[in-house]
Amino acid sequence: MQTPGLIVASARLPVSLTQRDAGWEAAPSLGGLVTALLWVARRRPFTWFGWPGTYVPDSDHAQLRAELDKHGSKPVFIRQTDIEGFHQSFSNQTLWPLFHGRIERTRFDAGGWHSYRAVNDAFAEAIAASAQPADVIWVHDFQLTLLPALLRQRGVTNPVGFFMHTPFPAPETYRALPQREPVLEGMLGADLVAFNAHEYAANFRSAAVRVLGAEFTHEGVRFGARQTRVAALPIGIDPEKIAEMGESREARQELASLQVTYAGLKIIVGVDRFDYTKGIVEKLRAFEQLLETYPRWRHRVVLIQVAAPSRMTVSDYQHLKREVDELVGRINGRYGTSSFMPVVYVNQSVSPARLTGLYRAADIALITPVRDGMNLVALEYVAARAERGGTLILSEFTGAAHCLPGARLVNPYNTDEVAAALAECLERPGTSPEQFRSMVRFVSENTATWWSGHFLGQLEQTAGESRHPTARLRLGTMPLAGMAHKARRPLLLLGDGLLHLPAPGSAEGRPDPRLVRLLTDLASFATTYVVSGHTGETLEEWFTDPRVGLVSEHNLATRPPGGTWQPHVLASSSSLKDLVDPLLREFVRLTPGSAVEYRAAGALWHFRSAEPDHAHLQARELLMLLEEQLKGQPYTVHRGKRTVEIRPEGLSKRHAVTRLLDQYADADWLLVVGDETTDEPMCEAVPASWRDRTVTCAMGAQTPLATTWVESLTELLDELEGLVQAWRRRS
Ligand code: ADP
Ligand code: F6P
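Reading the values: rules and limits
- Within each chain, residues carry numbers counting from 1 in the order of the written sequence.
- Think of it this way: whatever chain is written first is A, whatever ligand is written first is 1, and the rest follow in order.
- The predicted nature of this model means local features are confined to residues of pLDDT at least 70 and side-chain atom pairs, given and counted, to a pLDDT of 80 or more, with totals for whole chains, interfaces and linings taken over all residues.
- With hydrogens and water set aside, each side-chain value is computed from the structure's full complement of heavy atoms.
- Helix and strand definitions here come from DSSP, where helices need a minimum of 4 consecutive H or I residues and strands a minimum of 2 consecutive E residues; each element is numbered from the N-terminal end.
- With a 1.4 Å probe rolled over the protein chains alone, any residue whose accessible area is under 20% of its type maximum counts as buried; one over 50% counts as exposed, and the rest are partly exposed.
- Between two residues, a contact is recorded if the distance between any of their heavy atoms is within 4.5 Å.
- All accessible areas in this document rest on Shrake-Rupley with a 1.4 Å probe, and a residue is counted as covered only by the protein chains that are shown.
- The convention is simple: Lys and Arg are positive, Asp and Glu are negative, and His and the chain ends are not counted.
- Here the site of a charge means atom NZ of a Lys, CZ of an Arg, CG of an Asp or CD of a Glu.
- The arc in question is the one traced by the directions running from the helix axis out to the C-beta atoms.
- Pairing of N or O atoms within 3.5 Å defines a polar contact, subject to two protein rules: one partner must be a possible hydrogen donor and the other a possible acceptor, and residues neighboring in sequence count only if both atoms are side-chain atoms.
- Note on terminology: a nonpolar core comprises buried Ala, Val, Leu, Ile, Met, Phe, Trp, Tyr and Cys residues joined through side-chain atoms within 4.5 Å.
- Domain extents, as shown, originate in an automatic or database domain assignment.
- Near, as used in this document, describes a residue that has one of its heavy atoms within 4 Å of the molecule or strand being considered.
- Under the scheme applied, nonpolar residues are Ala, Val, Leu, Ile, Met, Phe, Trp, Tyr, Cys and Pro; charged residues are Asp, Glu, Lys and Arg; polar residues are all the others, including Gly.
- Two strands qualify as a pair provided that DSSP identifies no fewer than 2 bridges between them.
- To obtain each axis, a line is fitted to C-alpha atoms, and for helices this fit is confined to the stretch in contact; angles are then taken between N-to-C directions over 0 to 180 degrees.
- A pair of Phe, Tyr and Trp rings is counted when the ring centres sit within 6.5 Å of each other, with Trp represented by its six-membered ring. The angle between the planes then sorts it: under 30 degrees is stacked, over 60 is edge-to-face, the rest tilted.
- The salt bridge criterion pairs a side-chain nitrogen of Lys or Arg with a carboxyl oxygen of Asp or Glu, the two atoms within 4 Å.

Draft legend 1. Local environment of the overall build of the chain. Helices and strands together make up the secondary structure of the chain, namely 25 helices and 30 strands. With the principal axes as the frame, the chain shows a C-alpha extent of 100 × 65 × 45 Å. Out of the 731 residues belonging to the chain, those deemed buried represent 57%. For the chain, restricting intrachain contacts to residue pairs at least 6 apart in sequence, the fraction spanning at least 24 positions comes to 72%. Summing over all exposed atoms, the chain offers an accessible surface of approximately 29800 Å²; the carbon and sulfur share of this is 51%. Looking at charge distribution, the chain has the averaged site of its 77 positive side-chain charges lying 2 Å from that of its 83 negative ones.

The following block contains the structure:
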């Protein structure tokens, strides 16, 4: 058996190439994504698909491919005409600012979008051509949002996971994106989409529901036939490697040299990829404010700010450089002397070992992003100082703030607050030893290896669930279909979830006319039942042919083919109304677009026309309150698709199926059709003794309880029509 290989795709490879006179030169790529994946690769090797960071002419492809292949890297070369659009434009001037909530910096340029699509397509082409059946594919970050769906379009059925390293913005912000649908659809091609924080995962789910009309599910969202798990799995680092680097000669030299140079001074450190999201300007302003308002710290503290140049072809980054240069000049001009500068500004990339030495020398790490998916620097500082403790002043707008409760959290926009926090932490450590130990614990437990293992474990589990061995419903060709064609006493039980009957509160008032016609045709050849949650009156209005059997309100009553209604449970909703009406009315008032419907034996609160985010929260609340209110009463409360339903005890489609199977025990072929939310109990209710003459069918490939699936109502109707034709030919 083949061992599952791991394929990783990220915009950048771990090395970026530059063409020199003497040939191609490779330098390490910069950024949190590459850092973390290199840590993962030390313990879990993988094949890495990515862009080598520059234009490479066709004539050099073969040579560089061979060279990079030796290091497990598969370059995806980008056409010169697409680099600007893909990298500068759509990735870094559209998605990056938008995903960081900076709509005023976001540019919407159609040309960039075309290149972005073309590059995602090139990745899909390269990966689809090389993936083996047992491989797991892990796509990273905002530059490759379309890749999961493009892989699916190429017929890739391997588990595909997506990790977003950036935040995901609030739906109101996200909705500004002209390409908001394809970007979401692209990500939803994955089995698992994960983020650094719950907030981002929740924003993503809400955007999928609002923009695409996807459905919330227990663990994520469902869009069309595809179910995607959405999770928060914060990324980690490799603390052992950092401890090891701390002991290296380079780190020790750095530490010793800083201790000599700044003897007697407090050291504050800032380490950032040079980016406006990192709050470098805000940090410098706060430091200036410290020196201004707390003069006792003048000449007693130094801020060492290391900022590695990044995306310098993008104009926002060029402006930022000018702004930072000016601020540093101003602070040093005002508070420096010929022998001492309070801000040491290093606008360079520095080796990881030297950075570790710097962290070890620093009394305080000052990390002030205005928005950051995670911020690995915060974790690195904690790991580097695991033994000696330290003080971490951290922006509350980072993913790391959710994981490091011992940090002193600040709002980087509040210059006074950050300056005051600095003054306080310079006086005495801002983090107690116990608080620091709790941060060390998080960093040591939530390592990059653990993160990747956890992600891949969840991915395989999710993909396994959705790839359980069910086949597409093909009544003409599957083994049990032969039985259908020959069956003399076929029985069809059709749950209404999959029949797309108009939901309560929906605009369209009647079922698909093709379905109504087809049920009449089916009823000429087979005992046919619609097993529904709707009331008897509604069902009779929709299905006028008396030969179609009906089960109303989850088994409250049955109208057998050609017969009259027979109740199974004697219930009335009047006593229920007394119990719950005030509460339900209150929720209708507080949730515009929702409504209450009383049935013969239950009640339903539905919110199809309400604002989905608010309504889903209200539904959760209502469910809890109803369960509390109906304790000890003969009712059960159920959450459906955009509904909360109260039913008398004992009413369920499962009971309906059990009863009908007893009644039609001599049936020689059975088809049970249901969707996975409201009808699943129907498939579950089929006992083992029926299996050899039963086909169960679900919508989507999600439920292991059904043996077959269809993607849509149209597909189901096509199949049933084929069956009717076969029966017609036979008779
Ligand atoms: P981002 O993902 O936005 O790049 P992170 O803080 O998560 O930000 O990760 C940045 C990574 O880059 C860290 O591993 C950090 O050590 C490294 N880094 C930051 N600044 C520099 C620098 N000046 N030189 C070298 N590496 C740096
Ligand atoms: O998530 C941060 C990130 O965008 C990474 O994807 C990337 O490694 C880094 O920043 C550098 O960005 P760029 O590839 O645009 O130079």
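On we go.
Draft legend 2. Region of the structure containing helix H23 (residues 653–663). Burial in H23 covers these residues: Lys653, Ala656, Val657, Leu660 and Leu661. For H23, the arc enclosing every buried residue in end-on projection is 125°, short of the 170-degree limit, so these residues lie on one face. Its side-chain oxygen 3.0 Å from the backbone nitrogen of Arg654, Ser652 forms the N-cap of H23.

Draft legend 3. Spatial organisation of the nonpolar core. Within the largest apolar cluster, 89 residues are counted, with the highest numbers of intra-cluster contacts made by Phe195 and Leu290. Residue-level mapping places this core at the junction of two domains, with at least three residues from each of domain 1 (6–232) and domain 2 (239–446). Within the second largest apolar cluster, 69 residues are counted, among which are Leu255, Val302, Tyr381 and Leu394.

Draft legend 4. View of the site of ligand 2. Looking at ligand 2, the residues that line it are Arg12, Leu30, Leu33, His87, Asn92, Trp96, Asp141, Phe142, Gln143, His165, Arg273 and Arg311. The side chain of Arg12 places a nitrogen or oxygen atom 2.5 Å from an oxygen atom of ligand 2. Between ligand 2 and the protein, one listed contact pairs an oxygen atom with a side-chain N or O atom of Gln143 at 3.3 Å. Considering ligand 2 on its own, with 390 Å² of exposed area, one finds that the protein chains cover 92% of that surface. The class makeup of the residues in the shell around ligand 2 is 4 nonpolar, 4 polar and 4 charged.

Draft legend 5. A look at the sheet that holds strand E30 (residues 708–710). Read across the sheet, 9 strands follow the order E18-E30-E29-E28-E19-E20-E21-E22-E23 without closing on themselves; strand pairing throughout is mixed. The outermost strands of the open sheet, each flanked by one partner alone, are strand E18 (471–472) and strand E23 (566–567). With 5 bridges joining them, strand E19 (residues 490–495) and strand E20 (residues 527–531) adopt parallel strand pairing. For Leu493, the partnering residue across the bridge sits in E20 and is Tyr529. Contacting E19 and E20, helix H19 (residues 513–525) runs over the sheet at an angle of about 140° to E20.

Draft legend 6. The arrangement of the pairing of E19 in detail. Of all 6 residues that make up E19, 6 are buried, and the element is covered over most of its length. Judged by which residues are buried, E19 turns out to be covered on both faces: Pro490, Leu492 and Leu494 on one side and Leu491, Leu493 and Gly495 on the other are all buried. Relative to strand E28 (residues 669–674), E19 is paired through 5 bridges, and the arrangement is parallel. Bridging across to E28, Leu491 finds its partner in Leu670.

Draft legend 7. Structural view of the packing of aromatic side chains. What the rule picks out here adds up to 25 aromatic pairs. Look at Phe46 and Trp48: their rings are 5.4 Å apart centre to centre, the planes differ by 55°, and that puts the pair in the tilted class. Assigned by exposure class, Phe46 and Trp48 land together as buried. Summarising the aromatic geometry, the rings of Trp605 and Phe607 are spaced 5.2 Å apart at their centres and angled 40° between planes, so their arrangement reads as tilted. Each member of the pair, Trp605 as well as Phe607, is classed as buried.

Draft legend 8. Looking closely at the site of ligand 1. Residues in contact with ligand 1 amount to 19 residues; listed here are only the nearest, Arg273, Lys278, Val350, Leu376 and Glu380. Asp272 is positioned with one of its backbone polar atoms (N or O) 3.4 Å from a nitrogen atom of ligand 1. Residue Glu380 places a side-chain N or O atom 2.5 Å away from an oxygen atom belonging to ligand 1. Calculation on ligand 1 without its partners gives an accessible area of 560 Å², and the protein chains cover 90% of this total. The residue inventory of the shell around ligand 1, partitioned by class, reads 9 nonpolar, 6 polar and 4 charged.

Draft legend 9. A look at the sheet that holds strand E5 (residues 73–75). Across the sheet, 9 strands lie side by side as E5-E4-E1-E6-E7-E8-E11-E10-E9; this open sheet has mixed pairing. Of all strands in the sheet, those with a lone pairing partner are E5 and strand E9 (215–216), marking the two edges. Bridge analysis of strand E4 (residues 47–51) against E5 gives 3 bridges, and the strand direction is parallel. Looking at the pairing, Trp48 lines up with Ser73 of E5.

Draft legend 10. Inspection of the pattern of salt bridges at higher detail. One pass over the full model with this rule turns up 54 salt bridges. A salt bridge links Arg642 to Glu215, with the shortest nitrogen-to-oxygen separation between them at 3.8 Å. Remark: Glu215 occurs in strand E9 and Arg642 occurs in the loop between strand E26 (635–640) and strand E27 (643–648); sequence separation between them is 427 residues. Both residues of the pair, Arg642 and Glu215, count as buried. The residue Glu247 makes a salt bridge to Arg360 at a minimum N-O spacing of 3.1 Å. In this pair, Glu247 is assigned in the loop between helix H9 (239–246) and helix H10 (249–261) and Arg360 in helix H13 (residues 352–361), connecting sequence segments 113 residues apart. According to the relative accessible area criterion, Glu247 is partly exposed, its value standing at 48%. Each of Arg42, Arg43, Asp238 and Glu240 takes part in one network of salt bridges that share partners.

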